[in-house]
Amino acid sequence: MSKLVTIFGGSGFLGKYIARRMAQQGWRVRVATRHPNDSMFVRTYGVVGQVEPVFCNIRDDASVRAVTHGADAVVNCVGILSEKGRNGFDSVQAEGAGRVARIAAEQGVAQMVQISAIGADTESDSDYARTKALGEAAVLEHMPGAMILRPSILFGPEDEFFNRFANMTKLGPVLPMVGGNTKFQPVFVDDVAAAAEVYLLGKAQGGVYELGGPEVRTFRELMQEMLGVIQRRRGLINLPVWVANLMAFGLSAAQVVSLGLFHNDTLTQDQIVNLQKDNVVSGDAKGFDALGIVPMTMEAVLPSYLWRFRPSGQYAAIKDSAKNLKI
């Protein structure tokens, strides 16, 4: 019988790329998600019955145990950028990751991949970065042979980075940002999925891997590149930290006053802390080279999905070509 992998958060941005790759390798894939009815699309990644979405709440032992039973490997892609209700940084990224690893070890699961992030640090002022590090420690305590993947900002057709800022260009002539001089090393989402695949197929050792693409850019440079791709001109304004904090406070207050009806995932004070620290691969870290993977460039990928934000959309290339016609 083919092997079975349970992917927590397997219908999310990165998770579905891992699910697709493992299905193509002939594995059975169990996609653990809080919203299985909204995740039926994952079934198309394999033959009938090969990929199945199932309900799971990573905060509950019984729920995690049910979806881990019988699995040969588990992958934890669950993470949050802002807190909402019971889904806090500690409960999801620290305790949740530890729960998956502990139960996987109890059930004799052979392999585990934990998706963390560059900048994970137990001493960080950011709750996001601090709990990512606590999650790593909890995973390695129970599954010492696990693979820990620390990617920089992920980009790809469904990303919430380039898509979000490209959409913001429709709102006015300026594009505000925080941490314009902070350096990032964006990495293509499917390259990170490939890293997980290499390990699950037994072609790489466990341990911590920091994953970044071939280009290091400041936040401002990334926005300039994005504007070039979507063929728009916008003024880039780097907001002072105190202004950004004031905006984040107001948005968070609105979330509290609305009793959660409004969820602030636009800008939080925790995100502002992260945006002031470089997010690039450290010099002594294991990365794509150790896995035999050559990461994709932004230039090769961004035009394939950001074209819809161009003034002429899908017809932009045709209009550019028409300018060269001689009458």
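Cut-offs and rules
- Residues numbered from 1 in each chain as written.
- Predicted model: local features only at pLDDT ≥ 70, side-chain atom pairs only at ≥ 80, totals over all residues.
- Heavy atoms only, no water.
- 1 Å grid on protein atoms, 1.4 Å probe; cavity = no way out; pocket = protein on both sides within 12 Å on 5 of 7 lines; lining within 4 Å.
- Points joined across faces, edges and corners; volume = space filled by probe spheres on them.
- Helix = DSSP H or I, 4+ residues; strand = E, 2+ residues; numbered from the N terminus.
- Pairing = 2+ DSSP bridges.
- Axes fitted to C-alpha atoms, helices over the stretch in contact; angles between N-to-C directions.
- Contact = heavy atoms within 4.5 Å.
- Core = buried A, V, L, I, M, F, W, Y, C linked by side-chain atoms within 4.5 Å.
- Buried < 20%, exposed > 50% of the residue type's maximum accessible area, 1.4 Å probe, protein only.
- Parallel < 35°, antiparallel > 145°, perpendicular 65-115°, else oblique.
- Left-handed = near helix turned anticlockwise from the far one by under 90°.
- Nonpolar A, V, L, I, M, F, W, Y, C, P; charged D, E, K, R; others polar.

Enquirer: Mind laying out the layout of surface pockets, listing which residues take part and the relevant values?
Expert: When its volume is computed, the second largest pocket comes out at roughly 210 Å³. Together, L81, S82, E83, K84, G85, F89, S252, Q255, N264, T268, Q269 and D270 line the second largest pocket. Listed by contribution, the elements that provide at least two residues to the lining of the second largest pocket are α8 (241-257) and α9 (269-274).

Enquirer: Requested: an account of the sheet that holds strand β4 (residues 73-76), with residues and values cited.
Expert: Pairing is parallel in the open sheet, where 7 strands are placed in the order β3-β2-β1-β4-β5-β6-β11. Each edge of the open sheet carries a strand with a single partner, namely β3 (51-55) and β11 (207-211). Averaged over all pairs of adjacent strands, the angle between their axes in this sheet comes to 20°, without regard to strand direction. Contacts between helix α2 (residues 61-68) and the sheet are confined to β1 (4-8), β2 (28-33), β3 and β4, with β1 contributing the most and set at about 150° to the helix. Contacts between helix α4 (residues 127-142) and the sheet are confined to β5 (111-115) and β6 (147-151), with β6 contributing the most and set at about 165° to the helix.

Enquirer: So what's going on with the environment of D320? Which residues, and what values?
Expert: If you trace the backbone, D320 turns up in helix α13 (residues 316-322). Sequence separation between D320 and T68 is 252 residues, and the spatial gap between their C-alpha atoms is 53 Å.

Enquirer: A description of the nonpolar core should follow, citing residues and the corresponding values.
Expert: Ranked by size, the top nonpolar core spans 69 residues in total, and within it L149, F162, M223, M226 and L306 carry the most contacts. Per-element accounting of this core gives the leading share, 9 residues, to helix α6 (residues 189-200). Ignoring any residue separated from it by four or fewer positions in sequence, one finds F162 in contact with F155, L222, M226, M298, L302, Y305 and L306. Membership of the second largest hydrophobic core comes to 20 residues, among which are V64, V74, A97 and V100.

Enquirer: How would you summarise the packing of α2 against helix α3 (residues 89-106) if you had to cite specific residues and measurements?
Expert: The description of two helices packed together rests on the angle between their axes and the distance between the axes. Packing of α2 against α3 brings their axes to within 10 Å, and their N-to-C directions diverge by 50°. For the element pair α2 / α3, the angle class is oblique. Both α2 and α3 take part in a crossing whose hand is right-handed. Mapping the contact onto sequence places D61, V64, R65 and T68 in α2 and R99, V100, R102, I103, A104 and E106 in α3. A per-class count over the contact of α2 with α3 returns 4 nonpolar, 1 polar and 5 charged.

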